[in-house]
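These are the residues of each chain, in order.
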Amino acid sequence: MSDWVEACAAGDIDEEDVMRFDHAGRTFAIYRSPDDEYFATDGLCTHEKVHLADGLVMDDIIECPKHNGRFNYKTGDARGAPVCVSLRTYPVKVNAGKVLVQVG
Amino acid sequence: MVIGAGECGGRAALALRDLGFEGPVTLVGDEPHLPYERPPLSKEAMTGEAPAIKAIATDALFAERAIRHIHSVRAVAIDRAAHVVQLSDGSSLPYEKLLLATGSVPRKLPMPGLGGRCVYLRTFNDALAIRAHLSAGNRVAIIGGGFIGLELAAAARKLGAAVTVIEAQPRILMRGVPAEIAEIIHKAHEAEGVAIRTGQGIAAIDDDGKEVGITLADGQRVVADLAVIGIGAVPVTALAAEAGLAIDNGIAVDEQLRTADPDIFAAGDCCSFPLAVYGGRRVRLEAWRNAQEQGALAAKNILGGEEVHAAVPWFWSDQYGLTLQIAGLSDEGRSIVRRDLDDGAFILFHLAEDGRLVAASGIGPGNAVARDIRLAEMLIAKRASPAPEALGSQAVKLKSLLAA
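Residues numbered from 1 in each chain as written. Chains lettered and ligands numbered in written order. Predicted model: local features only at pLDDT ≥ 70, side-chain atom pairs only at ≥ 80, totals over all residues. Heavy atoms only, no water.

Explain the overall build of chain B to me, and be specific about the residues and the numbers.
Each helix and strand counted, chain B has eleven helices and 26 strands in total. Against the globule reference of 22 Å for 404 residues, chain B gives a C-alpha radius of gyration of 22 Å, in line with a compact fold. The principal-axis extent of the C-alpha atoms belonging to chain B is close to 60 × 55 × 35 Å. Looking at the 404 residues of chain B, the share that counts as buried comes to 54%. Accessible surface, chain B: about 16,400 Å² in total, of which carbon and sulfur atoms supply 52%. When the 40 positive and 48 negative side-chain charges of chain B are each reduced to one mean point, those points stand 2 Å apart. (Helix = DSSP H or I, 4+ residues; strand = E, 2+ residues; numbered from the N terminus. Rg over C-alpha atoms; globule rule 2.2 N^0.38 Å. Buried < 20%, exposed > 50% of the residue type's maximum accessible area, 1.4 Å probe, protein only. Areas by Shrake-Rupley, 256 points an atom, 1.4 Å probe, with all protein chains shown as cover. Lys, Arg positive; Asp, Glu negative; His and termini not counted. Charge placed at Lys NZ, Arg CZ, Asp CG, Glu CD.)

Tell me about the sheet that holds strand β7 (residues 98-100) of chain B, and please be specific about residues and values.
Whether parallel or antiparallel, the strands of a sheet pair through hydrogen bonds between backbone atoms. Residue and element names in this part refer to chain B. On the basis of which strands lie adjacent, the open sheet formed by five strands has the order β3-β2-β1-β7-β19 and parallel pairing. Looking at strand neighbours, the two that pair on one side only are β3 (67-70) and β19 (264-266), the edges of this open sheet. By the bridge criterion, two bridges tie strand β1 (residues 2-3) to β7 in an arrangement that is parallel. Note that in β7 the partner of Val 2 across the bridge is Leu 99. (Pairing = 2+ DSSP bridges.)

Can you explain the side chain of Ser317(B)? Please cite residues and give values.
Residues and elements named next belong to chain B. Its place among the elements puts Ser 317 in strand β22 (residues 314-319). A polar atom in the side chain of Ser 317 sits 2.9 Å from the side chain of Gln 319. Once residues lying within four places of it in the same chain are set aside, the contact partners of Ser 317 are Phe 147, Glu 151, Leu 322, Thr 323 and Leu 324. (Polar contact = N/O pair within 3.5 Å; in protein donor to acceptor, adjacent residues only side chain to side chain. Contact = heavy atoms within 4.5 Å.)

Residue-level account of the packing of helix α1 (residues 7-18) of chain B against helix α8 (residues 288-302) of chain B, with values.
Residues and elements named next belong to chain B. Packing of α1 against α8 leaves a shortest axis separation of 8 Å and a crossing angle of 35°. In the crossing of α1 with α8, the sense of the turn from one axis to the other is right-handed. Residues Glu 7, Cys 8, Arg 11, Ala 12, Ala 15 and Leu 16 of α1 form the contact with α8, whose own contacting residues are Trp 288, Ala 291, Gln 292, Gly 295, Ala 296, Ala 299 and Ile 302. Class assignment for the residues of the contact of α1 with α8 results in nine nonpolar, two polar and two charged. (Axes fitted to C-alpha atoms, helices over the stretch in contact; angles between N-to-C directions. Left-handed = near helix turned anticlockwise from the far one by under 90°. Nonpolar A, V, L, I, M, F, W, Y, C, P; charged D, E, K, R; others polar.)

Kindly report on unusual backbone geometry, identifying the contributing residues and their values.
The backbone phi angle of Ala24(A) is positive, close to 50°, even though this residue is not glycine. Here Ala24(A) shows up in the loop between β2 (17-23) and β3 (26-32). A residue is classified by how much of its surface remains accessible, and Ala24(A), at 67% relative accessible area, is exposed. Notably, Ala66(B) is not glycine yet its phi reads approximately 55°, a positive angle. Looking at the secondary structure, you find Ala66(B) in the loop between α3 (59-64) and β3. Given the relative accessible area of 48%, Ala66(B) is considered partly exposed.

Describe the interface of chain A and chain B, naming the residues involved and giving the relevant values.
The interface is formed by 21 residues belonging to chain A together with 22 residues belonging to chain B. Summing the contributions of chain A and of chain B, the shared interface buries around 1,700 Å²; its carbon and sulfur component is 45%. In this structure, the connection of chain A to chain B is made through five salt bridges. In this structure, Asp14(A) and Lys397(B) form a salt bridge, with 2.4 Å as the shortest nitrogen-oxygen distance. Only β2 and β5 (56-58) of chain A provide two or more residues apiece to the side of chain A that touches chain B. Here the side of chain A that touches chain B gets three residues from one element, more than from any other, and that element is β5(A). (Buried area = accessible area lost by both parts, 1.4 Å probe. Salt bridge = Lys/Arg side-chain N within 4 Å of Asp/Glu carboxyl O.)

Requested: an account of the pairing of strand β4 (residues 38-42) of chain A, with residues and values cited.
Residue and element names in this part refer to chain A. Most of β4 is tucked away: four of the five residues are buried. Note: β3 against β4, five bridges, orientation antiparallel. Residue Tyr 31 lies in a different strand from β4, and its bridge partner there is Phe 39. Of the pairings in the sheet, the one linking β4 to strand β8 (residues 89-90) comprises two bridges and is antiparallel in character. In the strand pairing of β8, Ala 40 is matched with Tyr 90.

Quick rundown of the domain arrangement of chain B? Include the residues and the values.
Residue and element names in this part refer to chain B. Assigned domains of chain B: these are domain 1 (2-105 + 233-302), domain 2 (108-229) and domain 3 (321-403). Between domain 2 and domain 3, the C-alpha centre-to-centre distance is 31 Å. Taken residue by residue, the interface counts nine residues in domain 2 and eleven residues in domain 3. A buried area of about 780 Å², summed over both sides, lies between domain 2 and domain 3, and 82% of it is on carbon and sulfur atoms. (Domains from an automatic or database assignment.)

Explain α1(B) to me, and be specific about the residues and the numbers.
The α-helix winds at 3.6 residues per turn, so residues separated by three or four positions along the chain end up facing the same way. Residues and elements named next belong to chain B. Its twelve residues give α1 an end-to-end C-alpha distance of 16 Å, which sits within 8% of 16 Å, the value for a rise of 1.5 Å per residue. Residues of α1 that are buried make contact with β1, β2 (25-28), α3, β3, β7 and α8. Of the residues trailing α1, Gly 20 is marked for its positive phi of about 95°. (Expected span 1.5 Å × (residues − 1).)

Below, the structure is given as structure tokens:
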């Protein structure tokens with residue numbers, strides 16, 4: 001359960017932005033918050049399996065690019081129609097300029 | 001009580017509970033299904049392996065939230081004085097507040113000769129009937145080069161049917177889509193093998209129940225196993241009209257979605273309302289997100305809120321690998337600034353005479369334009385007048401304009 005994998009370099013993601021990260025047949029979304037913290041969730045929206053990394057990050061919200069479903073990417077919580085199922089989140093740490101995600 | 005169990009009515013019923021309302025909530029719909037999302041009907045419901053309804057709620061959720069869903073029944077009359085609605089099964093139901101979310105129905109082609117092979121798409125059952133004819137080798141004629149028709153054309157090609165699209169206007173997507181973007185979509189369809197006949201009225205149709213023959217204005221004939229007619233939608237207003245409510249291209253409501261009767265509201269495809277972002281211009285929108293937003297807003301105002309519909313119109317369409325998204329009403333614009341993105345995607349920003357950003361239309365593969373269209377929508381809502389050079393330069397992040 002403690003398999004940390006390197007997702008990207010810390011500088012690869014702008015502040016208040018998101019990036020897609022694929023690993024071992026799974027897809028994740030890695031976020032950098034406006035206050036310069038990093039987070040990770042499942043990569044696909046729970047509504048229609050759209051890649052969230054094409055969506056817009058505003059504060060602590062990621063909005064799905066397709067139908068504007070919203071999630072708090074720090075907690076994974078779904079924030080109203082059309083999404084009702086929350087996202088799974090994953091621990092993230094930054095080590096020597098690398099963003100590591102615990103994908104277990 | 002909510003009449004109309006589509007996206008709008010369903011969302012409104014759920015929103016009433018989300019807002020803490022504890023009185024009885026009844027949702028009346030004429031379809032046999034739970035409220036479901038209609039956008040997939042012209043897309044995944046055609047091409048997916050097993051077509052399934054994408055319901056917005058389950059029976060269990062309705063039970064848990066004490067929402068009574070009466071299906072397969074129409075509302076036939078509203079007695080405003082008595083606050084009672086009569087239903088098609090002979091029963092009647094009292095209401096304190098009423099929301100009309102009756103939606104829209106396909107505009108009928110006013111021609112003789114239409115039979116069983118000339119169909120329309122509105123419901124899941126319509127979609128199943130169309131799907132049965134979209135197999136390889138079949139010939140499909142699509143009458144109307146709007147979104148429904150073009151999405152169906154794309155689905156039919158994916159399934160291997162031969163497709164002809166017939167459009168009376170000089171180009172496809174005349175209403176609401178800039179010519180530059182319509183051309184990209186036109187070419188995509190031609191590249192996929194769709195025959196598009198624009199500027200072609202229909203002189204005659206003969207449908208013997210097995211085959212449809214369509215005679216075009218120029219005398220040519222298109223023969224098909226199925227003709228799908230997608231020439232727009234009309235709001236369902238008869239119930240409201242008979243109850244004496246004002247109709248103006250839809251059930252006329254104010255910016256809080258109230259009719260002139262303080263106990264009756266209308267929302268979604270069936271209503272026309274003043275759009276705040278364009279100085280109160282009265283519009284009627286046939287769009288999924290509008291149905292959701294207005295359902296939720298009506299619920300708030302039914303419970304005593306006084307919130308104004310302030311949203312910017314937004315919709316999308318998927319055809320082949322392309323997605324189109326439009327925020328705002330592009331006919332409000334007088335000039336256009338183009339912003340090119342990666343992978344051939346681009347966005348047209350529509351500016352009013354005074355430089356205000358009033359709409360943005362984007363097209364590209366996948367969700368390439370989604371983020372910038374969403375930011376444009378926020379700029380439109382703020383009534384911003386960004387510098388055209390900034391809008392046109394990919395190097396300038398739209399988010400930075402929002403902060404300005």
